[in-house]
Amino acid sequence: MSNKDDGGSAFPAQPIYQSRMGSEYIAHDQGGISLRDWLAGQALAGIMACDPTFSDGKYEPSMVARSCFELADAMLKARGE
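As the structure is a prediction and not an experimental result, all values here were calculated from the model.

Enquirer: Go over the environment of Gly32 with me, naming the residues and quoting the values.
Expert: Take Gly32: it is sitting in the loop between strand E2 (24-26) and helix H1 (35-50). As for Gly32 and Ser9, which are separated by 23 residues in sequence, their C-alpha atoms are 6.8 Å apart.

Structure below.
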């Protein structure tokens, strides 16, 4: 993994629990998928759904994967502007 901004958690949530004594505390972050990974996955889903030549071996999978992450990086950059 590179040192690029991953956008943080794609689905951040901090559930609040209440103890028996009535005090509240926030659960620790469980981690999960980064926004960068989620965006790359969405790009991949779009490519696979819209390009019928993807499944016939026309494209090298590693090239497609790199392209998806380049798209995700561009989306994160545009998000920060």
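We are not done yet, so read on.
Enquirer: Explain the confidence of the model for the chain to me, and be specific about the residues and the numbers.
Expert: Interpreting fine coordinate detail is not advised for predicted regions of low pLDDT. Chain-level statistics for the chain give a pLDDT mean of 78 and a share of 69% at 70 or above. Mean pLDDT across the elements of the chain bottoms out in E2 (56) and peaks in helix H2 (residues 61-80) (93).

Enquirer: Tell me about H2, and name the residues and values.
Expert: The end-to-end C-alpha distance of H2 is 29 Å, a good match for the 28 Å that 20 residues give at a rise of 1.5 Å each. Taken residue by residue, H2 has Val64, Cys68, Ala72, Asp73 and Leu76 as its buried positions. Here the buried face of H2 lies against H1.

Enquirer: Summarise the pattern of salt bridges; cite the residues concerned and give the values.
Expert: Oppositely charged side chains may form a pair once their charged atoms are brought near each other. Applying the stated rule across the entire model yields 1 salt bridge. Linking Arg36 and Asp73 is a salt bridge whose minimum nitrogen-to-oxygen distance equals 2.5 Å. With Arg36 in helix H1 and Asp73 in helix H2, this pair connects stretches of sequence that are 37 residues apart. Residue classification places Arg36 among the buried positions, given a relative accessible area of 8%.

Enquirer: Give a description of H1 that names residues and reports values.
Expert: Its 16 residues give H1 an end-to-end C-alpha distance of 22 Å, which sits within 8% of 22 Å, the value for a rise of 1.5 Å per residue. Taken together, the buried positions of H1 are occupied by Leu35, Arg36, Leu39, Ala40 and Ala43. The buried residues of H1 occupy one face: seen down the axis, they fall within an arc of 135 degrees.

Enquirer: Describe the environment of Ala65, and please don't skip the residues or the numbers.
Expert: Take Ala65: it is sitting in helix H2. Judged by relative accessible area, which is 36%, Ala65 ranks as partly exposed. On a C-alpha basis, the gap between Ala65 and Gly41 in space is 9.0 Å, while along the polypeptide they are 24 residues apart.

Enquirer: Account for a nonpolar patch on the surface, with residues named and values stated.
Expert: A cluster of nonpolar side chains, Phe11, Ile33 and Trp38, forms an exposed patch at the surface whose accessible area comes to about 300 Å². Structurally, the position occupied by Phe11 is in the segment before strand E1 (16-18). For Phe11, a relative accessible area of 56% puts it in the exposed group.

About the criteria used
- Residues numbered from 1 in each chain as written.
- Predicted model: local features only at pLDDT ≥ 70, side-chain atom pairs only at ≥ 80, totals over all residues.
- Heavy atoms only, no water.
- Helix = DSSP H or I, 4+ residues; strand = E, 2+ residues; numbered from the N terminus.
- pLDDT = per-residue confidence, 0-100.
- Expected span 1.5 Å × (residues − 1).
- Buried < 20%, exposed > 50% of the residue type's maximum accessible area, 1.4 Å probe, protein only.
- Contact = heavy atoms within 4.5 Å.
- Salt bridge = Lys/Arg side-chain N within 4 Å of Asp/Glu carboxyl O.
- Arc of directions from axis to C-beta.
- Patch = residues over 30% accessible without salt bridge, like charges linked within 9 Å, V, L, I, M, F, W, Y side chains within 5 Å.
- Areas by Shrake-Rupley, 256 points an atom, 1.4 Å probe, with all protein chains shown as cover.

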